[in-house]
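Here's the letter readout for the chains.
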Amino acid sequence: MADADLQEPQGEVEYMVLGCGSIGYNVIEELESETRSILVVDKDEKRVKDLLDQNYDAVTGDIRDPTLLDTLRVPKVVFVLSSEKDANLAAVQAIKARYPEAEVIARAMDPLSQSALEAAGAENVIYPQEVVAKAAVHQIRRLHVTRIAQRLFRLLESWEGVLGIVTHNNPDPDAISSAMALAAIARAASDRRLQTRILYDGNIGHQENRAFVNLLDIRMEKCTAQQLKECRYLAMVDASAPGINNTIPRGTPINIVIDHHRTEEQVVTATDFVDIRPGMGATASILTQYLQDLDVPVDKKVATGLLYGIRADTRDFRRNVTPQDLNYVAFLMPLADNELLDKIMSPSISKETLDVLGKAIQDRVIRSGYLFSNVGYIRNRDALPQAADYLLNLEGVNTALIYGIGDTGIILIARSRDVRINLGNVLAEAFGEIGDAGGHPNMAAAVIPLTVFSMVEDKEKLLSLVIDPILKRFENIVGLEKKEGAQ
Ligand SMILES: [Mn+2]
């Protein structure tokens, strides 16, 4: 033990590198910026001498030798990096037997030794071939998306006139912020030769969305035939084809499509530029990548909008979110206006939403965990999901189905906490044939058009006449038996 004492004049070592071939040497060089408190063990005397000449701490030793650890104090972190598979395994086993607390990063020589090293207790096993392959693929993907951004930039650079940026109907923050970002890129690329207009149809109903548009002072215009005529170019964001969830006549030539929804390829017919990435959590993430790669200045409003767009489309970064989405969030964070973001997220409730909520609470019927509520005639359909979200919090309620009638049809919104049912499927099965229905396992919606009856003055009366058989379909599928006093 006297030897060991002699060997440690400069106190504790932070890192130990066992086996110092080319990978080991690269590791100590990498660590050097942080610390020189590294002890290297290698069996090659010449190499050890070289390291000593370079002022590294190094000793000659065979990492296979179990007595090696008798004389060396093992630090918290050990790299086992020789090019011999058995030696690496023996070293990991010896370290873990004596110093179970040490964190061991080991180099595997093939996929098989990877699992052997893991079984021996290595915290981290690196198979260099795989690391290089991953890095290569990552780099090429990165390059690929950068090229896409550059292509868009060059395209916009060459255009003059008016570019109409069309969102889907009832645009949400993802669509709206993506449109803002595309407008910013167009401005930067064309040096303002290209004007932009953000066009939409439907409503911006959800109060958070209205707050979003108002607070960020976003100029959006209703998409009319006249508007379309004035646009020399058309782009679609968060939507991919004319006539599908937007009011652009089918067959209208579209120049640019940027979207993250999975679409059947033959539907997309943009003439100049298509970027559809179903892997992404939000279209706003794609636009953020463009801004970042193109080095287009991102003003506070655009950054705040995009950040909110990604947040909303991924349900607070919980649904379909990818590491890339989070990277873009990190990029936007310091550029965004936090105070504004807070204001958007806690808007005051509109009178209409309050009315709908009141009605939904008052007229609720609860049967074996299912809550049904008729809110009658509604002008703003976005009040319905808010009411459903709210009522789901009531005690004894696992699933809430709120319905009302608008100018063109019956709207049903469902929310559930019950993991046994898949609402999207249930609604599609119940109402798919008579309307538009579907969604996610715990949130879904259906719209049943009432073309024939749309002339009827008294919508509430109409709803009460037709709703029973409609709800029956839902009840049958979820297995709710008719009980007294229902409806
Ligand atoms: Mn979206």
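Residues numbered from 1 in each chain as written. Predicted model: local features only at pLDDT ≥ 70, side-chain atom pairs only at ≥ 80, totals over all residues. Heavy atoms only, no water.

Asker: Tell me about the coordination of the manganese ion, residues and numbers included.
Answerer: The protein atoms that coordinate the manganese ion are Asp174 (OD), Asp238 (OD), His260 (NE2) and Asp313 (OD), at distances spanning 2.0 to 2.4 Å. Each donor residue of the manganese ion lies on the same chain, and together they follow the pattern D-x63-D-x21-H-x52-D. Of this pair, aspartate 174 sits in helix H8 (residues 173-190) while histidine 260 sits in the loop between strand E11 (256-259) and strand E12 (273-276), and the two are 86 residues apart along the sequence. Taking the relative accessible area as the measure of exposure, aspartate 174 reaches 0% and is therefore buried. (Donors = N, O, S within 2.8 Å, 3.2 Å for Na, K, Ca; no water. Helix = DSSP H or I, 4+ residues; strand = E, 2+ residues; numbered from the N terminus. Buried < 20%, exposed > 50% of the residue type's maximum accessible area, 1.4 Å probe, protein only.)

Asker: Can you break down the confidence of the model for the protein residue by residue, with the values?
Answerer: Considering every residue of the protein, the mean pLDDT works out to 89; 94% of them sit at 70 or more. Low pLDDT (under 50) marks residues 1-10, which in the prediction has seven contacts with non-local residues, meaning those over four places away or in another chain. Note that pLDDT drops below 50 for residues 483-487; the model gives that stretch 10 contacts with residues more than four away or on any other chain. (pLDDT = per-residue confidence, 0-100. Contact = heavy atoms within 4.5 Å.)

Asker: So what about the nonpolar core? Which residues, and what values?
Answerer: Generally speaking, soluble globular proteins have nonpolar side chains that are buried together. Judged by nonpolar contacts, the single largest core of 55 residues is most densely connected at Leu156, Leu163, Leu182, Ile218, Ile256, Ile258 and Tyr290. Broken down by element, the residue count for this core peaks at nine residues, all from H8. Excluding its chain neighbours within four sequence positions, the residues that come into contact with isoleucine 258 are Leu152, Leu182, Met236, Val237, Asp238, Ala239, Phe273, Asp275, Thr283, Ile286, Leu287 and Tyr290. Of all hydrophobic cores here, the second largest spans 27 residues; its members include Ile410, Leu427, Ala430 and Leu450. (Core = buried A, V, L, I, M, F, W, Y, C linked by side-chain atoms within 4.5 Å.)

Asker: Residue-level account of the packing of helix H15 (residues 351-362) against helix H16 (residues 383-391), with values.
Answerer: Contact pair H15 / H16: the axes reach a minimum separation of 9 Å and the direction vectors enclose 45 degrees. Looking at the two axes, H15 sits oblique to H16. Two packed elements cross with a definite hand, and for H15 against H16 that hand is right-handed. Across the interface between the two elements, Thr353, Val356, Leu357, Ala360 and Ile361 from H15 touch Ala383, Leu384, Gln386, Ala387, Tyr390 and Leu391 from H16. Grouping the constituent residues of the contact of H15 with H16 by class yields nine nonpolar, two polar and no charged. (Axes fitted to C-alpha atoms, helices over the stretch in contact; angles between N-to-C directions. Parallel < 35°, antiparallel > 145°, perpendicular 65-115°, else oblique. Left-handed = near helix turned anticlockwise from the far one by under 90°. Nonpolar A, V, L, I, M, F, W, Y, C, P; charged D, E, K, R; others polar.)

Asker: Account for the pairing of E12, with residues named and values stated.
Answerer: Along E12, the buried face is formed by Phe273 and Asp275; none of Val274 and Ile276, which line the opposite face, is buried. When E11 meets E12, the two strands line up parallel, connected through four bridges. Bridged to isoleucine 258 within E12 is aspartate 275. (Pairing = 2+ DSSP bridges.)

Asker: Give a detailed account of the domain arrangement of the protein, specifying residues and quantitative values.
Answerer: Segmenting the protein into domains produces domain 1 (2-126), domain 2 (144-345) and domain 3 (351-478). For domain 1 versus domain 3, the separation of C-alpha centres amounts to 65 Å. (Domains from an automatic or database assignment.)

Asker: Tell me about the pattern of salt bridges, residues and numbers included.
Answerer: Summed over all chains, the structure comprises 17 salt bridges. Arginine 64 is the salt-bridge partner of glutamate 84, the closest N and O atoms lying 2.4 Å from each other. Here arginine 64 lies in the loop between strand E3 (57-60) and helix H4 (68-71) and glutamate 84 lies in the loop between strand E4 (77-80) and helix H5 (85-98), a separation of 20 residues in the sequence. As a salt-bridge pair, lysine 85 and aspartate 110 come within 3.2 Å of each other at their nearest N and O atoms. Placement of the pair is lysine 85 in helix H5 and aspartate 110 in the loop between strand E5 (103-107) and helix H6 (111-119), with a sequence separation of 25 residues. Because the salt bridges share partners, they merge into one network encompassing Lys43, Arg64 and Glu84. (Salt bridge = Lys/Arg side-chain N within 4 Å of Asp/Glu carboxyl O.)

Asker: Can you break down unusual backbone geometry residue by residue, with the values?
Answerer: For aspartate 295, which is not glycine, the phi dihedral falls at a positive 60 degrees. In this structure, aspartate 295 sits in the loop between helix H11 (283-294) and helix H12 (300-313). The backbone of serine 368 shows a phi angle near 35 degrees, a positive value even though the residue is not glycine. Secondary-structure assignment places serine 368 in the loop between strand E13 (364-367) and strand E14 (370-377).

Asker: Account for the packing of aromatic side chains, with residues named and values stated.
Answerer: For the structure shown, the criterion picks out six aromatic pairs. Consider the rings of phenylalanine 372 and phenylalanine 474, whose centres lie 6.1 Å apart with planes at 85 degrees: the pair is edge-to-face. Note that phenylalanine 372 is positioned in strand E14 and phenylalanine 474 in helix H18 (residues 459-478), a separation of 102 residues in sequence. According to the relative accessible area criterion, phenylalanine 372 is buried, its value standing at 1%. According to the relative accessible area criterion, phenylalanine 474 is buried, its value standing at 0%. Aromatic rings pair up to connect Tyr370, Phe372 and Phe474 into one cluster. Note that arginine 36 overlies the ring of tyrosine 56, its terminal NZ or CZ placed 4.3 Å from the centroid. (Phe/Tyr/Trp six-rings, centres within 6.5 Å; stacked < 30°, edge-to-face > 60°. Lys NZ or Arg CZ within 6 Å of the ring centre and 35° of its normal.)

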